[in-house]
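Okay, here's what each chain looks like letter by letter:
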Amino acid sequence: VSLMLPQARSLSSKNVSDPIASLSVERLGQYISIGAFSTQNYDELRPHRGSVESASVLRACLQGSTVVNATNKTVQSAEGVEGCVKHAKTIPQYHGPAREAIAAACKTMELEMNCSESADNLEFDDTIALMAGNSALGGVLALFNGSSMRADGGSGTEAGGSVSTLRESASALETFVAALQTSLESESKLGCEFIAQVMTKKEAELKAKEAEKAKRAAERGNGSNPNAKNNSGKADEFAGMSEGQKAKILKKRADKEAKAAAKRKAKEAKAAGGSAALSSIFGAGTSAIYPLLSKCNNLSDPTLLSELEKTVDGLLSGGMQRKPKVPKGTRDYLPEQMSIRSQAFSIIRRVFQRHGAVEIDTPVFERKETLTGKYGEDSKLIYDLADQGGEMLALRYDLTVPFARFLAVNAVGNIKRFHIGKVYRRDQPALSKGRYREFYQCDFDIAGVYGRMVPDSECLAVACEILDGLPIGDFGIKLNHRRLLDAILDICGVPAEKFRTICSAVDKLDKEPWSEVRREMVDEKGLQGEVADRIGEFVVLKGKPWDMYKLLMDGEKFGNHKGAMDAMEDLRICFEYLEAMDKLKFISFDLSLARGLDYYTGVIYEAVCMNGNTQVGSIGGGGRYDNLVSMFQEAGKATPCVGVSVGIERVFTLMEERLRQEQGGSIKQPNVAVLVASAGENLLLDRMKLTKVLWDANISAEFSQQENPKLKFEIANALDRQIPFMVISGEEEAKEGKCKVKDLKARTEETVDVSDLVKTLREKGVVPVGCEFAMELLNGEQSS
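Residues numbered from 1 in each chain as written. Predicted model: local features only at pLDDT ≥ 70, side-chain atom pairs only at ≥ 80, totals over all residues. Heavy atoms only, no water.

Undergrad: An account of the overall build of the protein chain is needed here, citing residue identities and associated values.
TA: Assigned secondary structure in the protein chain consists of 28 helices and 16 strands. Rg of the C-alpha trace for the protein chain: 36 Å, well past the compact-globule value of 28 Å for 784 residues, more than 25% over. Along the first, second and third principal axes, the C-alpha atoms of the protein chain reach 110 × 95 × 60 Å. The buried share of the protein chain, reckoned over its 784 residues, is 43%. (Helix = DSSP H or I, 4+ residues; strand = E, 2+ residues; numbered from the N terminus. Rg over C-alpha atoms; globule rule 2.2 N^0.38 Å. Buried < 20%, exposed > 50% of the residue type's maximum accessible area, 1.4 Å probe, protein only.)

Given below as structure tokens:
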């Protein structure tokens, strides 16, 4: 089994089975559209990693093919070849999973063959080897059947993919690996013969066409043209022109003749056959693969396998000029956008630090067992990493669970911490709404034993201060209590085992109407209709904190339910503290807020951006999670925690929209305060010296990298980039140790000594790098 698996893995690899399959797609191109292998079919609708990889290879091989249909509109009926076409259209569906099954079997057998048996004379058990052999056998059979069907539409094999003994598994694997190699070689030969036939036919057509053109040209040449003039008697066409004008005309003519010659050469190359004709008919990858397989069809030849690997890697890495794109759910940040992000991070970091929080960092990936089971139904959105022969790892879903693990591993005691870092969620992205698969979170958490509701109220105050300081417009914070929500479900008659799944449905009320949420509870979650109706009487209630508190307590909505009474007392204390910190005005008590994460145990809250009274997007949230850290600690230990997280991507989107409105559609901001320029030639050294004076004073400045830039272009550059000041050096000023300071906004200019340059700029409002916020505070104090 171990000896056959490497050969099976080689034949199943994307460098062998997929390129050969692409030849069959070319051969059956009139019945197939290249859209069958689109990213929509094999990323969005069928996100199996192996299938996505196989579809990528096929797209790369078939790119530019004139034989395979570009759209479904031109696809012909596959009458008589239905089996061949079906297995050609669905190649990624079985190639990817089969390849992964064989690869997993190889890894299993590698570990098994390197194990050491104990010295206790225990009987050797071959269960693991048998499982690996059967898994690989199933993959080999899938590939063999697919290749056979693509080649001749036959029935493949009826043999099963599982046997009962290791000897049978080894024998079957040996038989069908050999059969797979034979089938792939036959399919490759069939595809190469088809390409050769098409090429021969195309070459004959092109040669006939060129011969006809030559014949017509010869006939025209033999005739006489009475209008033809004797060039010798023609006047000089360049008479009266300067040498420069003549050179320009001659250059244009030479370029035109060179293009015409290149065009003629390409046509001649196509007519002569070879790579030029090949690439004009078939896909880019097919044109590169055909010469290899037409020369050597032996899939055991290491040279051929190496060349195929190099060719496919070149195709997938953009070697055939394929247009690159960013991964789904991610984005690139341009310099103007990075400036906005830097401003947002500065505002958030200052709020965290003035509340006395310390900064920590954790790995971007965690052990998978650390993350799973903490996010309820959202656990399916965790990004798993491929097993590297060691720990099972996954990208972090948020910063809270890694913080809980951090507390359990590092005995830090009570801590008030903040953490700014990227997290990853395999969600369906909505870029226009600021929802990505890779995004930043900014977390503030307080861990340890403190006064009742004191840390909770400070976390809410931090959230209010951040959102009030960011230029994003109006916002609000919805507040609820997890134990109060559990009490409501208990009072309404929801079974305890359905609390979390019903909470997940309730949490959708900010996006869907109650009728749709009720339908989900009843039809999908199995809740009785009358129970759902009782829940609806509670979760539609929301309003100002004290008004809601009075409504619920005076109306005795919860009776004597202990959990509800404890939660209401928590909220009463929290409202008093928030009122003392002047933050209660931002809070709304909303019984529909559920927060789908399983680890919350107390108050929960969510920050939303508001347009009048309408909620237009969530921009943060958090709550109390007293039991999360204990999942990683010894029995009996507990570390109470509460925190808040700001979803910075949504904040970026709001800040960008606001800046565009303020600046008439542009988000440009100056990246330096001063542009150093010169009036005259050979003044680069003077520009460097002036810039160094500003750099030493911690003033952001730059100079042109060109040796002798024109001053008018430098001024235009500064205006376009909205740089407020220019420092200009001329030949006379340089000799006298002076320079000119130009205020582009005020349109003023003055000459100053270089020794007074920094003082002059500071008097005009130029602030040293890193001191912008301090200057804002000073200006605010002076104006007040």
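Now that the structure has been shown, the text picks up again.
Undergrad: Describe in detail the pattern of salt bridges, supporting the description with residues and values.
TA: Enumeration according to the criterion identifies 43 salt bridges in this entry. In this structure, Asp626 and Arg624 form a salt bridge, with 2.7 Å as the shortest nitrogen-oxygen distance. Among the residues examined, Asp626 registers a relative accessible area of 24% and is labelled partly exposed. Where Arg658 meets Glu662, a salt bridge forms, and the shortest distance between an N and an O atom there is 4.0 Å. Taken together, the positions of Arg658 and Glu662, both in helix 23 (residues 648–662) and four residues apart, correspond to about one turn of that helix. Because the salt bridges share partners, they merge into one network encompassing Arg452, Arg483, Lys562, Asp566 and Asp570. (Salt bridge = Lys/Arg side-chain N within 4 Å of Asp/Glu carboxyl O.)

Undergrad: Outline helix 24 (residues 684–696), listing residues and values.
TA: Compared with the 18 Å implied by 1.5 Å per residue over 13 residues, the 18 Å span of helix 24 between its first and last C-alpha is a close match. Of the residues making up helix 24, those classed as buried are Arg687, Leu690, Thr691 and Leu694. Considered in projection along helix 24, the buried side chains sweep an arc of 100° and stay on one side of the axis. Opposite its buried face, helix 24 presents the exposed residues Leu685, Lys689 and Asp696, each directed more than 90 degrees away. Residues of helix 24 that are buried in the fold lie against strand 12 (674–679), strand 13 (701–703), strand 14 (725–730), strand 15 (738–743) and helix 27 (757–763). Positive backbone phi, approximately 65°, marks Asn698, located one or two places after helix 24. (Expected span 1.5 Å × (residues − 1). Arc of directions from axis to C-beta. Contact = heavy atoms within 4.5 Å.)

Undergrad: How would you sum up the packing of aromatic side chains? Please name residues and give values.
TA: Applying the stated criterion to the full structure yields 16 aromatic pairs. For the ring pair Trp546 and Phe575, a centre distance of 5.5 Å and an interplane angle of 80° mean the geometry is edge-to-face. In this pair, Trp546 sits in helix 21 (residues 545–554) while Phe575 sits in helix 22 (residues 562–580), placing the two residues 29 residues apart along the sequence. The exposure class of Trp546 is partly exposed, given its relative accessible area of 28%. According to the relative accessible area criterion, Phe575 is buried, its value standing at 0%. A connected cluster of aromatic rings, assembled from ring pairs, spans Tyr333, Phe345, Tyr440 and Phe652. It is Arg341 that lies over the ring of Tyr333; its NZ or CZ is 4.7 Å from the centre. (Phe/Tyr/Trp six-rings, centres within 6.5 Å; stacked < 30°, edge-to-face > 60°. Lys NZ or Arg CZ within 6 Å of the ring centre and 35° of its normal.)

Undergrad: Mind laying out helix 21, listing which residues take part and the relevant values?
TA: Along helix 21, the residues classified as buried are Pro545, Met548, Tyr549 and Leu552. One side of helix 21 holds all its buried residues, which, seen down the axis, span an arc of 100°. Among the exposed residues of helix 21, those oriented more than 90 degrees off its buried face are Asp547, Lys550 and Asp554. The inward-facing, buried residues of helix 21 abut strand 7 (542–543), helix 22 and strand 8 (587–590). Phi turns positive one or two residues past the end of helix 21, at Glu556, with a value near 50°.

Undergrad: Please provide a residue-by-residue account of a positive patch on the surface, values included.
TA: A contiguous patch of positive charge, built from Lys202, Lys209, Lys213 and Lys263, is present on the exposed surface. Here the positive patch takes three residues from helix 8 (residues 166–222), the largest share from any one element. In this structure Lys213 comes out as partly exposed when scored by relative accessible area, which is 33%. (Patch = residues over 30% accessible without salt bridge, like charges linked within 9 Å, V, L, I, M, F, W, Y side chains within 5 Å. Areas by Shrake-Rupley, 256 points an atom, 1.4 Å probe, with all protein chains shown as cover. Lys, Arg positive; Asp, Glu negative; His and termini not counted. Charge placed at Lys NZ, Arg CZ, Asp CG, Glu CD.)

Undergrad: I'd love a proper account of the side chain of Glu187, names of residues and values included.
TA: Here Glu187 is to be found in helix 8. You can call Glu187 buried: its relative accessible area is 0%. Within the local environment of Glu187, its side chain forms a polar contact with the side chain of Ser147, the two groups lying 2.8 Å apart. Here Glu187 is in contact with Ile20, Ala21, Ser24, Ser147 and Arg150, once residues within four sequence places are set aside. (Polar contact = N/O pair within 3.5 Å; in protein donor to acceptor, adjacent residues only side chain to side chain.)

Undergrad: Please give an account of a negative patch on the surface that cites residues and values.
TA: Together, Glu681, Glu731, Glu732 and Glu736 make up a negatively charged patch on the protein surface. Note that Glu681 resides in the loop between strand 12 and helix 24.

Undergrad: Lay out the packing of helix 13 (residues 335–354) against helix 16 (residues 454–469) in plain terms, naming residues and giving numbers.
TA: Two elements in contact, helix 13 and helix 16, have axes whose closest approach is 9 Å; the angle formed by their N-to-C orientations is 150°. With respect to each other, helix 13 and helix 16 are oriented roughly antiparallel. Crossing of helix 13 against helix 16: the hand is right-handed. Together, Ile347, Ile348, Val351, Phe352 and Arg354 of helix 13 and Val462, Glu465, Ile466 and Gly469 of helix 16 make up the contact between the two elements. (Axes fitted to C-alpha atoms, helices over the stretch in contact; angles between N-to-C directions. Parallel < 35°, antiparallel > 145°, perpendicular 65-115°, else oblique. Left-handed = near helix turned anticlockwise from the far one by under 90°.)

Undergrad: Explain a nonpolar patch on the surface to me, using residue names and the numbers behind them.
TA: The grouping of Val454, Tyr577 and Met581 at the surface amounts to a nonpolar patch, some 220 Å² of accessible area in total. In this fold, Val454 is placed in helix 16. Given a relative accessible area of 38%, Val454 falls into the partly exposed group.

Undergrad: Requested: an account of unusual backbone geometry, with residues and values cited.
TA: Of note, the phi angle at Asn698 is positive, near 65°, even though the residue is not glycine. In this structure, Asn698 sits in the loop between helix 24 and strand 13. You will see that Arg747, though not glycine, has its phi angle at about 60°, which is positive. Along the chain, the position of Arg747 falls in the loop between strand 15 and strand 16 (748–753). Under the relative-accessibility criterion, Arg747 is labelled exposed at 78%.

Undergrad: Got a sec to walk through the pairing of strand 16? Specific residues and values, please.
TA: Alignment of strand 15 against strand 16, held across six bridges, turns out to be antiparallel. Each bridged residue has a counterpart across the sheet, and for Cys739 the counterpart in strand 16 is Val752. Between strand 15 and strand 16, which pair antiparallel and follow one another directly, the connecting turn spans four residues, one of which, Arg747, has a positive phi of 60°. (Pairing = 2+ DSSP bridges.)

Structural measurements only, silent on function.
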